[in-house]
Amino acid sequence: MSERRAPGELPLWRARDTRRWAACRPAAWSRPRWGALALAVAVGAAVAVAPGALGAPHYWLAAAQVYWLFRLPQLTLVSAPLLVALPAWLAEPAVALPVSVALALCWAGARHRLAVRGRQRLLAANAAGDVRLRLPAPLPAPRRGLMPLVVGLPLCAAAAVPFLLPVALLGFTLLVTGLLTRRRAAALRRDELPVLRVLSREDEDTRVWVYAADDTAGRVPLFSCPVRPGSAMPDDDHAPGDSRLRDTLLFGAPCEGAELALLSADVEHGPLIDRVAGPVRPVGG
């Protein structure tokens with residue numbers, strides 16, 4: 001049940017709601033390290049059972065899958081089923097079966113983690129109620145993700161040359177990373193976003209830590225993320241690493257890996273400080 005607010009008042013993300021958000025986290029079995037370990041053991045067992053059954057392309061694809069599992073779970077949902085077919089077509093059952101089981105674990109873990117992200121977004125959006133706003137000052141054209149696209153696109157052309165498969169995999173990874181980053185950045189600039197009032201502080205590494213709006217002592221951080229300048233709003237009074245709690249408007253629904261926009265009031269009620277933050281890393285996640 002959403003709390004009653006005065007007309008025009010923005011919703012507070014209170015501790016009672018943030019506790020539910022923080023409790024929504026992936027199960028231990030879905031952590032990427034377990035899928036990566038299973039795949040490494042399966043490939044090692046395949047080498048021991050049939051040394052010639054797997055070739056260099058298999059090893060490069062397995063290495064790429066491990067990276068995608070950690071950094072691009074969205075891609076794992078597509079790549080893992082495709083890679084299951086590869087050893088099934090080219091290797092004997094004694095080799096294909098353990099590799100397929102490991103890839104199935106990778107796929108299930110990625111799917112579970114993405115589902116949890118969806119539930120986190122929903123919990124945060126529900127806490128915001130029906131409040132949806134655009135950023136008060138438009139963000140500049142996003143630059144993040146541009147370099148991976150520029151570098152990755154020509155590298156993908158190396159896929160036509162068999163011995164350049166590692167280069168093509170690198171290019172493909174950069175291309176997908178760039179596309180996803182640009183898509184998230186564009187959504188911040190274009191869409192009406194859930195808005196929540198929270199507290200935040202910045203550490204010496206220019207990571208921002210977000211707290212519930214009623215956690216005025218800053219005891220329980222919810223998540224952290226790196227920050228970078230958003231718009232041209234003045235921030236001359238802002239000193240990097242200023243660890244004082246600030247009243248902050250959070251634009252967007254936070255979840256693991258999400259990008260957000262933060263609009264913070266200066267501690268001395270000076271100019272607003274506009275920051276783009278992401279990717280989100282939940283505390284203890």
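Scroll up to find the structure this text is about.
Residues numbered from 1 in each chain as written. Predicted model: local features only at pLDDT ≥ 70, side-chain atom pairs only at ≥ 80, totals over all residues. Heavy atoms only, no water.

Turning our eyes to something else, we now look at the side chain of E259. Relative to the helices and strands, E259 is located in the loop between β5 (246–251) and β6 (260–265). Residue classification places E259 among the buried positions, given a relative accessible area of 9%. (Helix = DSSP H or I, 4+ residues; strand = E, 2+ residues; numbered from the N terminus. Buried < 20%, exposed > 50% of the residue type's maximum accessible area, 1.4 Å probe, protein only.)

Moving on, we come to unusual backbone geometry. Look at T206: it is not a glycine, yet its phi comes out positive at around 55°. In this structure, T206 sits in the loop between β2 (193–202) and β3 (207–211). Among the residues examined, T206 registers a relative accessible area of 33% and is labelled partly exposed.

Taken as a whole, this structure holds three aromatic pairs when the rule is applied. Centre to centre, the rings of W13 and W21 are 5.7 Å apart; their planes meet at 80°, and the pair counts as edge-to-face. Consider the rings of W21 and F223, whose centres lie 5.7 Å apart with planes at 55°: the pair is tilted. Highlighted residues: W21 in helix α1 (residues 15–23) and F223 in strand β4 (residues 221–229), separated in sequence by 202 residues. Relative accessible area serves as the criterion here: at 1%, W21 is assigned to the buried category. A network of ring pairs unites the aromatic residues W13, W21 and F223 as a single cluster. (Phe/Tyr/Trp six-rings, centres within 6.5 Å; stacked < 30°, edge-to-face > 60°.)

A word on the nonpolar core. Within the largest apolar cluster, 22 residues are counted, with the highest numbers of intra-cluster contacts made by L39, W68, L72 and V95. Contributing elements (two or more residues each) for this core: α2 (32–49), α3 (56–71), α4 (73–90), α5 (93–127) and α7 (165–190). Discounting chain neighbours no more than four positions away, the residues touching L39 are A62, Q65, V66, V99, A102 and L103. Within the second largest apolar cluster, 21 residues are counted, among which are A124, V198, V227 and A253. (Core = buried A, V, L, I, M, F, W, Y, C linked by side-chain atoms within 4.5 Å. Contact = heavy atoms within 4.5 Å.)

Attention now goes to α5. With 35 residues, α5 should cover 51 Å at 1.5 Å per step; its first-to-last C-alpha distance of 51 Å lies within 8% of that length. One or two steps after α5, the chain reaches G129, where phi turns positive at roughly 65°. (Expected span 1.5 Å × (residues − 1).)

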